[in-house]
Amino acid sequence: MSINATLIGQMITFTLLVWFTMKYIWPPLFDSLEERRKKIADGLAAAEKGQENMHLAEKKAKNVIKEAKNQSAEIVNQAQKRANELIEESKDLGKKEGDRMILAAKAQIEQEIHQARENLRQEVAALAFSAAEKILGAEIDKAKHHDIISKVSNQLG
Amino acid sequence: MATEAHAEGATGYIIHHLTPLHVGEGFWTLHLDTLFFSAALGGLFIWFFKSAAEKATSGVPNLVQSFAEMLIEFVDQQVKDSFHGHSKLIAPLALTIFCWIFLWNFMDLFPVDILPLVGSMMGLEYLRVVPSTDLNATFAMSISVFCLIIFYSIKIKGPWGFAKELMFQPFGPWLLPFNLLLKLVEEIAKPISLALRLFGNLYAGELIFILIALLPWYLQPVLSFPWAIFHILIITLQAFIFMVLTIVYLSMAHEDH
């Protein structure tokens, strides 16, 4: 139980141990700890940033989709409008064509009426002449009485 | 010590277990078992941490490195809690103290007769395996710490600053002799209390293990098992207390008033 030279030996051992720990053990282990801490902090920061970026991208994508929807709606609207216009146009065209055809038909009818009337007149004139010939009993010289004939014929027309 | 070596019976058994293996006379006696076991345990400590430090990586650590880092973080936290300056020495010192004392104390958990039996087979008459039951070991450590306290007190505060603190505190210059006495007692009490606390706890613990070993065999496990479990707490706690007090004393030495 006495204090003796063992004390000195122990102090030397202790000093050596502390020196060795201070020089070769503490620094590398502590540095690796610090480095890992930094790495983890960086990793977490990067993850946070990634998340933020993802949110931004999501927002952007939503905007793009929204815009695309708007555009497509606009395109559909325009198409509808154009279709309506086309329908209107073709309706107009059809109506015009119809009108024209009606006019042509009317003109033809008119012409045919005219023709028929002319024919009728000539027939009536011929009839009148033949009747007059019979009544007069004499031949009417067409060349001689040309004036009369055309007068009558005009009157009949 | 050696004179009681031939005593018989229970007393002889106890004394035999508490007698160190020694050579030399008077002051120049060397306790070979203390020197050997503490150096071997120091070597174990260095070997373990060195192998962790050599392969230290900031990536995924292996088991050895994880364990070493756990201890380092634990010690570093203790140092940060009480020491606010910057020092390259204090944290490694605290780590060494904690691990070394823990390993010393751990020797107490080996059954009291095993290592002395092996020793006697090798022709060693005495073998005391727990270095912390040797006052020389605990005092060597606490005196080293005391030297560091004095060194840092003088380094940080300057010789005159340190002397002023010894003379003028806590009661001012008019009670200078009283202050000086108080401060000297306070300073000297530090290493003594550090060493005696560790020594007392472990010596008493070892003594109780020896006493249990004297009982009939069927009673021994009933008593030594709970005591060993309790002792696991004590050996860790004593290592922790020594480390924390060292940090506190050194941070006090760094504080300039």
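None of the values given here were measured: they were computed from a predicted structure.

Observations regarding the interface of chain B and chain A
Then step 1. Between chain B and chain A, the contact holds 52 residues from the first and 30 residues from the second.
Then step 2. Area buried by chain B at its contact with chain A is led by B:Ser58, B:Ile72 and B:Asn136, which between them contribute 17% of it.
Then step 3. Inspection of the region where chain B meets chain A yields 2 salt bridges.
Then step 4. Taking the shortest distance from any N to any O, the salt bridge between A:Arg36 and B:Glu69 comes out at 2.9 Å.
Then step 5. Counting every contact that joins chain B to chain A gives 16 residue pairs in polar contact (both at pLDDT 80 or more).
Then step 6. Residue assignment for the side of chain B that touches chain A shows that the elements contributing at least two residues are strand E2 (30-31), helix H2 (32-54), helix H3 (63-82), helix H4 (90-106), helix H6 (135-168) and helix H7 (176-213) of chain B.
Then step 7. No other element matches the 11 residues that H2(B) contributes to the side of chain B that touches chain A.
Then step 8. Here the residues of the side of chain B that touches chain A are counted per class, giving 32 nonpolar, 13 polar and 7 charged.

Observations regarding the packing of aromatic side chains
Then step 1. According to the stated counting rule, one finds 20 aromatic pairs over all chains in the structure shown.
Then step 2. With a centroid separation of 5.9 Å and an interplanar angle of 5°, the aromatic rings of A:Phe14 and B:Trp100 are classed as stacked. Linking A:Phe14 in helix H1 (residues 6-136) with B:Trp100 in helix H4, this pair reaches from one chain into another.
Then step 3. Overall, B:Trp100 belongs to the buried group, its relative accessible area being 1%.
Then step 4. The rings of B:Phe45, B:Phe48, B:Phe49 and B:Phe67 are connected pair by pair, giving a single aromatic cluster.

Re the layout of surface pockets
Empty space among the atoms can be located by rolling a probe the size of a water molecule over them.
Then step 1. One number sums up the size of the largest pocket: a volume of about 390 Å³.
Then step 2. What lines the largest pocket is a set of 15 residues, among which A:Trp26, B:His86, B:Ser87, B:Lys88 and B:Ala91 lie closest to the centre.
Then step 3. Secondary structure elements with two or more residues in the lining of the largest pocket: H1 of chain A together with H3 and H4 of chain B.
Then step 4. The greatest single-element share of the lining of the largest pocket, amounting to 5 residues, is contributed by H1(A).
Then step 5. Across the lining of the largest pocket, the residue classes tally to 8 nonpolar, 3 polar and 4 charged.

Comments concerning the pattern of salt bridges
Then step 1. According to the stated counting rule, one finds 13 salt bridges over all chains in the structure shown.
Then step 2. A salt bridge links A:Arg82 to A:Glu85; its shortest N-O distance comes to 3.1 Å. Separated by 3 residues within a single helix, A:Arg82 and A:Glu85 lie in helix H1, roughly one turn from each other.
Then step 3. Put simply, B:Lys183 and B:Glu165 hold a salt bridge, and the shortest N to O gap is 3.9 Å. Separated by 18 residues along the polypeptide, B:Lys183 in helix H7 and B:Glu165 in helix H6 bring together distant segments of the chain. The same class applies to B:Lys183 and to B:Glu165, which are both buried.
Then step 4. Taken together, the shared-partner salt bridges connect B:Lys157, B:Glu165, B:Lys183 and B:Glu186 into one network.

Side note on the confidence of the model for chain B
All names here are of chain B.
Then step 1. In this model, chain B carries a mean pLDDT of 88, and residues with pLDDT of at least 70 account for 96%.
Then step 2. Predicted confidence in chain B is weakest over helix H1 (residues 9-18), with a mean pLDDT of 83, and strongest over H4, with 94.
Then step 3. Scored below 50 in pLDDT, residues 1-6 makes 9 contacts in the model with residues more than four places away or belonging to other chains.
Then step 4. Model confidence for the complex is summarised by a pTM of 0.73, with the ipTM given as 0.85.

About the criteria used
- Residues numbered from 1 in each chain as written.
- Chains lettered and ligands numbered in written order.
- Predicted model: local features only at pLDDT ≥ 70, side-chain atom pairs only at ≥ 80, totals over all residues.
- Heavy atoms only, no water.
- Contact = heavy atoms within 4.5 Å.
- Buried area = accessible area lost by both parts, 1.4 Å probe.
- Salt bridge = Lys/Arg side-chain N within 4 Å of Asp/Glu carboxyl O.
- Polar contact = N/O pair within 3.5 Å; in protein donor to acceptor, adjacent residues only side chain to side chain.
- Helix = DSSP H or I, 4+ residues; strand = E, 2+ residues; numbered from the N terminus.
- Nonpolar A, V, L, I, M, F, W, Y, C, P; charged D, E, K, R; others polar.
- Phe/Tyr/Trp six-rings, centres within 6.5 Å; stacked < 30°, edge-to-face > 60°.
- Buried < 20%, exposed > 50% of the residue type's maximum accessible area, 1.4 Å probe, protein only.
- 1 Å grid on protein atoms, 1.4 Å probe; cavity = no way out; pocket = protein on both sides within 12 Å on 5 of 7 lines; lining within 4 Å.
- Points joined across faces, edges and corners; volume = space filled by probe spheres on them.
- pLDDT = per-residue confidence, 0-100.

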